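Tertiary structure, described
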Amino acid sequence: MRIHTLCRGVILALWVSLIFSASLCYADDQTVEVVGISECADCAQRNIKDTQAYSGLGITIDCKLANGQLKTRGVGQLNEEGKFEILLPHDTIKEDGELREECFAQLHGASATPCPAHNGMEASKIILKSKNKGKHTFSPVGKLKFSPVTCTSAFLWPYFKYPPLPKFHPFPKTHPLFKKSFPKFYLPPLKHHAPITFPPLPPKVFPPIYKKPLPPLPPKVFPPIYKKPLPPHVPIYKKPFPLHVPIYKKPLPPPVPIYKKPLPPLVPTYKKPCPPLPIYKKPLPPPVPIYKKLLPPPVPIFKKPLPPPIPIYKKPLPPPVPIYKKPHPPLIPKEPLPPPVPIYKKPLPPPVPIFKKPLPPPVPIYKKPLPPPIPIYKPKPPIYKPIPPIPKLPPPVPIYEKPLPPPIPIYKPIPPFHKTLPPIPQIPPLHKKPCPPIPKAPPLPKLPPIPTIPPKYFQHPKFKYFPPIPPHSSHP
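Residues numbered from 1 in each chain as written. Predicted model: local features only at pLDDT ≥ 70, side-chain atom pairs only at ≥ 80, totals over all residues. Heavy atoms only, no water.

Notes on the overall build of the protein chain
- Along its length, the protein chain carries 2 helices and 8 strands.
- When the helices and strands of the protein chain are listed from N to C terminus, the series reads α-β-α-β-β-β-β-β-β-β.
- Residue burial in the protein chain is summarised as follows: out of 476 residues, 11% are buried.
- Contacts spanning at least 24 positions in sequence make up 61% of the contacts within the protein chain whose residues lie at least 6 apart.
- Accessible area for the protein chain stands at about 52400 Å²; split by element, carbon and sulfur atoms hold 70% of it. (Helix = DSSP H or I, 4+ residues; strand = E, 2+ residues; numbered from the N terminus. Buried < 20%, exposed > 50% of the residue type's maximum accessible area, 1.4 Å probe, protein only. Contact = heavy atoms within 4.5 Å. Areas by Shrake-Rupley, 256 points an atom, 1.4 Å probe, with all protein chains shown as cover.)

Overview of the state of the cysteines
- Per the stated rule, a full pass over the model turns up 3 disulfides.
- Between the sulfur atoms of Cys-40 and its disulfide mate Cys-43 the distance is 1.8 Å. Measuring the twist about the S-S bond at about 90°, one finds the Cys-40-Cys-43 disulfide to be right-handed. Neither residue differs from the other here; Cys-40 and Cys-43 are each classed as buried. (Disulfide = S-S within 2.5 Å.)

Here we look at the pairing of strand β7 (residues 135-140)
- Extensive coverage of β7 is indicated by the burial of 5 of its 6 residues.
- With 4 bridges joining them, strand β1 (residues 31-40) and β7 adopt parallel strand pairing. Looking at β7, one finds that Glu-33 is bridged to Thr-137.
- Pairing analysis gives 6 bridges linking strand β6 (residues 126-132) to β7, with the strands arranged antiparallel. (Pairing = 2+ DSSP bridges.)

Digging into the confidence of the model for the protein chain
- Chain-level pLDDT for the protein chain is 77 on average; 79% of the residues reach the 70-or-more range.
- Note on residues 1-10: pLDDT is under 50 here. Beyond four places in sequence and across chains, it has 0 contacts.
- Across residues 20-28, where pLDDT falls below 50, the model places 0 contacts with residues more than four positions away in sequence or in other chains. (pLDDT = per-residue confidence, 0-100.)

Side note on the side chain of Asp-62
- Following the sequence through the fold, Asp-62 ends up in strand β2 (residues 58-64).
- Although buried, Asp-62 forms no salt bridge, and the nearest oppositely charged side chain, Arg-73, lies 8.6 Å from it.
- Polar side-chain contacts of Asp-62 include one of 3.0 Å to the side chain of Thr-72.
- Ignoring sequence-local partners within four residues, the contact set of Asp-62 consists of Leu-70, Lys-71, Thr-72, Glu-102, Cys-103, Phe-104 and Gln-106. (Lys, Arg positive; Asp, Glu negative; His and termini not counted. Salt bridge = Lys/Arg side-chain N within 4 Å of Asp/Glu carboxyl O. Polar contact = N/O pair within 3.5 Å; in protein donor to acceptor, adjacent residues only side chain to side chain.)

Structural notes on the environment of Pro-246
- One can find Pro-246 in the segment after β8 (144-146).
- When the C-alpha positions of Pro-246 and Pro-413 are compared, they lie 7.1 Å apart, and in sequence the two are 167 residues distant.

Brief notes about the nonpolar core
- Within the largest apolar cluster, 26 residues are counted, with the highest numbers of intra-cluster contacts made by Ile-61, Ile-126 and Phe-146.
- When contributions to this core are tallied by element, the ones reaching two or more residues are β1, α2 (50-54), β2, β4 (83-88), β5 (102-108) and β8.
- If near-sequence neighbours (up to four positions away) are discounted, Ile-126 is found in contact with Val-34, Ile-61, Leu-99, Cys-103, Phe-104, Ala-105, Phe-138, Ser-139 and Pro-140. (Core = buried A, V, L, I, M, F, W, Y, C linked by side-chain atoms within 4.5 Å.)

Looking at the sheet that holds β5
- Taken in spatial order, the 3 strands make up an open sheet running β3-β2-β5, and their pairing is antiparallel. Bordering the open sheet on either side are β3 (70-77) and β5, each of which pairs with just one other strand. Neighbour-to-neighbour, the strand axes of this sheet turn through a mean angle of 25°, independent of strand direction.
- By the bridge criterion, 7 bridges tie β2 to β5 in an arrangement that is antiparallel. From the neighbouring strand, Ile-59 faces β5, where its bridge partner is Leu-107. (Axes fitted to C-alpha atoms, helices over the stretch in contact; angles between N-to-C directions.)

So this is what it looks like as structure tokens:
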């Protein structure tokens, strides 16, 4: 009995410890999750599907340490819709649920290279979104935008590698059976033919297409639109501006006059006239004679005398052979021509005399006599007499007067200005016109009666007898 009680006590102790540990684990079960969405900025412009741009892209959660370096706290992948969910360790949050460090979301391409932030680092900052029953959900401030050019996906990287081409044996120079070299083939040059010209095609003739003219559309009649009159204008009264308060400034003190000492009179300076200096020139040396060498006498040139000319004897020409011509036959006299027929011409009529009107006598042109020439008097040259020198007077004594004080300004107050507004015009009342009567549609025409279809009779399968079909017309 004691053994059974001990075993039961041990089992109970084990169960109590398991339940206590499970309760402790459940109390500390806090999940820290980062949820977000990414977006392709220019996939539609580059004709790339979103699923192709999201394939193979990864995302990391990098937190900034105290020394300024970044440390990766979580890693995840984008799904086909561009969404991601990443779990973070429990020690990244404080007791109040906020992050201990400043964290950012960073996209990575298929080649594990970080992608540049398309809309800045502020949009990728991680902030607290919700907190419910120990579950802390964080998300970036905005959507993580990227471009497929700078963030290549698995669909675009790496490129497909084609298998290498098979290597063939080199072509043999000699035949394997006959052990002889292959004959060389030479293609003849191409002949240049004249371009082939085809006759022009006959012009296409289409028959005219006649369309029936459409009937004219009935005129559209729109009922008049009546609008409610606007309410009368409400006057707006503004407060008058306050009176202008004049600002008085203290007058400046009069300027202190500055007196300058008069300059002493100028002392005339006399210069002695300089005598002209004589200019002496050195005489030129006598010219040096130039002697030319005498040429030697010319050497006579003796030519050998030419031999006497050799006479040239020509053979005498043979006598000319006489050329005998056959005598011409005697001329046959021709018959005399008949006398010419005289041609008589009608005499021309006498010429009609042409009388011209006599020209009027020329009109005499009288010219006005020119006026006598105006005499030109030349003035005599003036005669200048020497002016006696003017004696120099002593400089005038300056008279200094005290400057007057500046005038005292008199300020007058500006009278108040009141602007009278014009009376507001009254809007005359608007009278509505009665609506016109609505036109009634014409009555529909009566349709003809529906014809009755007589019943049809078929032969009986057993008795093969049915009453005959009554006669009926094709039209009612």
